[in-house]
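A structural walkthrough
What follows is the residue order along each chain.
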Amino acid sequence: MLYLANSALDAPVIAWALYDGTGETLHMAGDADEPPYASGLAALRDGWRLFQASQLLPHPRGEEFDLAYLKYEFLFEQWGEMA
Amino acid sequence: MGRDGVTAATPLLTSEQMAHFVARGFLRFDAVAPDEINARFMNEAGRAAEPAPGRRVAKALGDLLARNAIPEIAPGAPLWSAYPEGSAVQRLLALPLVRGAIESLVGADPIFDHHFLHVTFPPRYHKAADAANVSQHTHQDSTVDPRLAFDLQIMYYPHAVTRPMGGTRFIPGTHLRKVSEVALGRYQNMLGQQHMVCEAGTLLFLHHGIWHGGGVNLSDRTRTMFKIRLHPSAPQVRCWDIPERLEPAPQRPIFFLKQAPPPDTVAAILTTPEPWFEQDTGRLEFINRIKLWRYLTGDPEYDADYWMTRIENQAGIRG
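Residues numbered from 1 in each chain as written. Chains lettered and ligands numbered in written order. Predicted model: local features only at pLDDT ≥ 70, side-chain atom pairs only at ≥ 80, totals over all residues.

**What about the overall build of chain A?**
This is how the line gets drawn: The secondary structure listing takes helices from DSSP runs of H or I that are at least 4 residues long and strands from runs of E that are at least 2 residues long, numbered from the N terminus. Contacts are defined on C-beta atoms placed from the backbone: any two residues whose C-beta positions lie within 7 Å are in contact.
In terms of regular secondary structure, chain A is built from 1 helix and 4 strands. For chain A, the α and β elements follow one another from N to C terminus as β-β-α-β-β. For the C-alpha atoms alone, the extent of chain A along its principal axes is close to 50 × 25 × 20 Å. Expressed as a percentage of contacts within chain A between residues at least 6 apart in sequence, the contacts between residues at least 24 apart total 61%.

**Quick notes on the nonpolar core**
The condition that has to hold: A set of buried residues qualifies as a nonpolar core if it consists of Ala, Val, Leu, Ile, Met, Phe, Trp, Tyr and Cys joined through C-beta atoms within 7 Å. Exposure classes come from backbone-placed C-beta atoms, where a residue is buried if 20 or more other C-beta atoms lie within 10 Å of its own, exposed if 12 or fewer do, and partly exposed in between.
Tyr3 and Leu4 of chain A together with Val22, Phe205 and Leu270 of chain B are the most contacted members of the largest nonpolar core, which totals 77 residues. If you tally residues by element for this core, the top one is helix α8 (residues 281–297) of chain B, at 6 residues. When neighbours within four sequence positions are excluded, Leu270 of chain B is seen to be in contact with Ala19, Val22, Ala23, Phe286, Arg289, Ile290, Trp293 and Ala304 of chain B. Ranked by size, the runner-up nonpolar core spans 6 residues in total, among them Ala48, Ala60, Val119 and Ala129 of chain B.

**Observations regarding unusual backbone geometry**
Residues and elements named next belong to chain B. Even without glycine at this site, Phe255 takes up a positive phi of about 60°. By the element assignment, Phe255 lies in the loop between β9 (223–231) and α7 (266–270). On the neighbour-count criterion, Phe255 (6 C-beta atoms within 10 Å) is exposed. Of note, the phi angle at Tyr306 is positive, near 70°, even though the residue is not glycine. A count of 13 C-beta atoms within 10 Å places Tyr306 in the partly exposed class.

**Things to note about the sheet that holds strand β3 (residues 152–157) of chain B**
Residues and elements named next belong to chain B. Heads up, the condition is: Whether two strands pair comes down to DSSP finding at least two bridges between them. Here an angle of 0 to 180 degrees is reported between the N-to-C directions of two axes, which are lines fitted to C-alpha atoms, with helices fitted over the stretch in contact.
Overall, antiparallel pairing links the 5 strands, which are arranged β1-β7-β3-β9-β2 in an open sheet. Strand pairing shows two members of the sheet lacking a second neighbour, β1 (26–29) and β2 (111–120), which therefore form its edges. Between one strand axis and the next, the sheet turns through 15° on average, direction left out of account. Summarising the sheet, β3 and β9 pair through 5 bridges and their orientation is antiparallel.

**Some points on the interface of chain A and chain B**
Which entries qualify depends on this criterion: Gly is put with the polar residues, along with every residue not named as nonpolar or charged; the nonpolar set is Ala, Val, Leu, Ile, Met, Phe, Trp, Tyr, Cys and Pro, and the charged set is Asp, Glu, Lys and Arg.
Taken together, the 23 residues of chain A in the interface contact 31 residues of chain B. The residue inventory of the side of chain A that touches chain B, partitioned by class, reads 16 nonpolar, 3 polar and 4 charged. Taken together, the 2 bridges between strand β2 (residues 13–16) of chain A and strand β5 (residues 189–190) of chain B define a ladder with antiparallel strand orientation. Considered in β5 of chain B, the bridge of Trp16 of chain A is made with Asn189 of chain B.

**Some details on the sheet that holds β2 of chain A**
What the 5 strands build is an open sheet, ordered β3(A)-β4(A)-β1(A)-β2(A)-β5(B); its pairing is antiparallel. With one partner strand each, in any of the chains shown, β3 (49–53) of chain A together with β5 of chain B form the two edges of the open sheet.

**Overview of the environment of Ala29 of chain A**
By the secondary structure assignment, Ala29 of chain A is in the loop between β2 and α1 (40–45). Setting aside anything within four residues of it in sequence, one finds Ala29 of chain A in contact with Ser135, Gln136, His137, Thr138, Arg169, Gln188 and Gly213 of chain B.

**Quick word on the pairing of strand β7 (residues 202–207) of chain B**
All names here are of chain B. Where burial is concerned, most of β7 is hidden: 6 out of the 6 residues are buried. Going residue by residue along β7, you find Thr202, Leu204 and Leu206 tucked away on one face and Leu203, Phe205 and His207 tucked away on the opposite face as well. Examined bridge by bridge, β1 and β7 share 4 bridges and lie antiparallel to one another. Of the residues in β7, the one forming a bridge with Leu27 is Phe205.

**Looking at the environment of Ala9 of chain B**
Within the secondary structure layout, Ala9 of chain B lies in the segment before α1 (15–24). Spatially, the C-alpha atoms of Ala9 of chain B and Gly100 of chain B are 9.1 Å apart, while their sequence positions differ by 91 residues.

**Some words on the confidence of the model for chain B**
Residues and elements named next belong to chain B. Let me state the cut-off plainly: A residue's pLDDT is the predictor's confidence in that residue, given on a scale from 0 to 100.
For chain B, the average pLDDT comes to 94, and 96% of its residues sit at 70 or higher. For residues 1–5, every residue scores under 50 in pLDDT, and the model assigns this stretch 7 contacts once sequence neighbours within four places are set aside. Scored as a complex, the prediction yields pTM 0.95 and ipTM 0.97.

**Side note on the packing of α1 of chain B against α8 of chain B**
Residues and elements named next belong to chain B. Worth spelling out the cut-off: To sort the angles, those under 35 degrees are grouped as roughly parallel, those over 145 as roughly antiparallel, those from 65 to 115 as roughly perpendicular, and the leftovers as oblique. The handedness criterion is simple: a crossing whose near helix is rotated anticlockwise from the far helix by less than a right angle is left-handed, and one whose near helix is rotated clockwise is right-handed.
Packing of α1 against α8 leaves a shortest axis separation of 9 Å and a crossing angle of 140°. Judged by the angle between their axes, α1 and α8 are oblique. Between α1 and α8 the crossing geometry is right-handed. Residues Met18, Ala19, Val22 and Ala23 of α1 form the contact with α8, whose own contacting residues are Arg289, Leu292, Trp293 and Leu296.

**Re the pairing of β3 of chain B**
In terms of residue burial, β3 of chain B counts as a mostly covered element, since 6 of its 6 residues are buried. Alternating residues of β3 of chain B divide into Leu152, Ile154 and Tyr156 of chain B and Gln153, Met155 and Tyr157 of chain B, and every residue in both groups is buried.

**With respect to the environment of Phe74 of chain A**
All names here are of chain A. With respect to the element layout, Phe74 can be found in strand β4 (residues 73–77). The exposure class of Phe74 is buried, given the 23 C-beta atoms found within 10 Å. When near neighbours in sequence (up to four residues on either side) are disregarded, Phe74 contacts Leu2, Leu4, Leu9, Gly40, Leu50 and Ala53.

This is the structure we're talking about:
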């Protein structure tokens, strides 16, 4: 999971998470201070398949300045053999 | 109780420190509690029993909380009389630097909300319980909180914390986002995140909204941190070391600059981005910081780098 600085796939990574369903590696909050890729495009070039990107939604009137969750979420997958 | 018993030596925060808190959501004071208070606190906190096969880690913590000397306190108590006279926490709060910082942020008569002894156990406890030893998901405390006013959370580290011990992880500048507790748990890592590695007696003052979580303890020593949440009993307006008469801050040139501007002015602090800022919402972060600064200064027209003036200008409609 990559969170980018804007909606472009070649924008810089600002946050990230990795969940390994094979069980070979365990990742958790706070386990890396540097991102695995510089951008979403770099992940594509390394063989990750993009399967979901967050929508661009208009700001509801009166809530234009409210901030909550990270806005530019991109979900990637790689398939691997289960042990 | 007000400022009874407070001497003129109680140092209040500066405007620059307050702007730092508004912008980044934290202030860190390294090794400010003396060894005597740290040792007294560790004695009052007690030691958890060594792990036993099949015993849950939460049981070890529950047993420790039940028998240690830190008191239960109901929310709503005036802070300055909440802790027993002579106890470690009472002495900690009476330190001039600590009292001055508290008063600057939440006023002279803060109210106790709750406290907790956070104990993070080393791997042998998890191994004995046959449980995974993992970090805490990143979260914002309490629940969705739409206020402009804020509560203060004091994190007290009574012993040295090394990087293998995990430490509190927090992400500067996240405090003004209105989220629902651990709904953001999927964000494992963010650019600019910090891990509390510190000497004994260090304090971390946090805005209640800061995103944080406990780091996994991979050392052989139990890690202890004590948190106290306070809330103001009056508007948090001009509580710090601020001139009686605050001159309007002149606007400074923006975007087209011949040289880098001074970095330590209030305007510069409020408009310094964090590494994780999105390119567009980072500007909304500036706006929300300015709104908080307006509340704290009581100046509804304060602006930094024209972010508010630009969007508040209705001249075209009036004309």
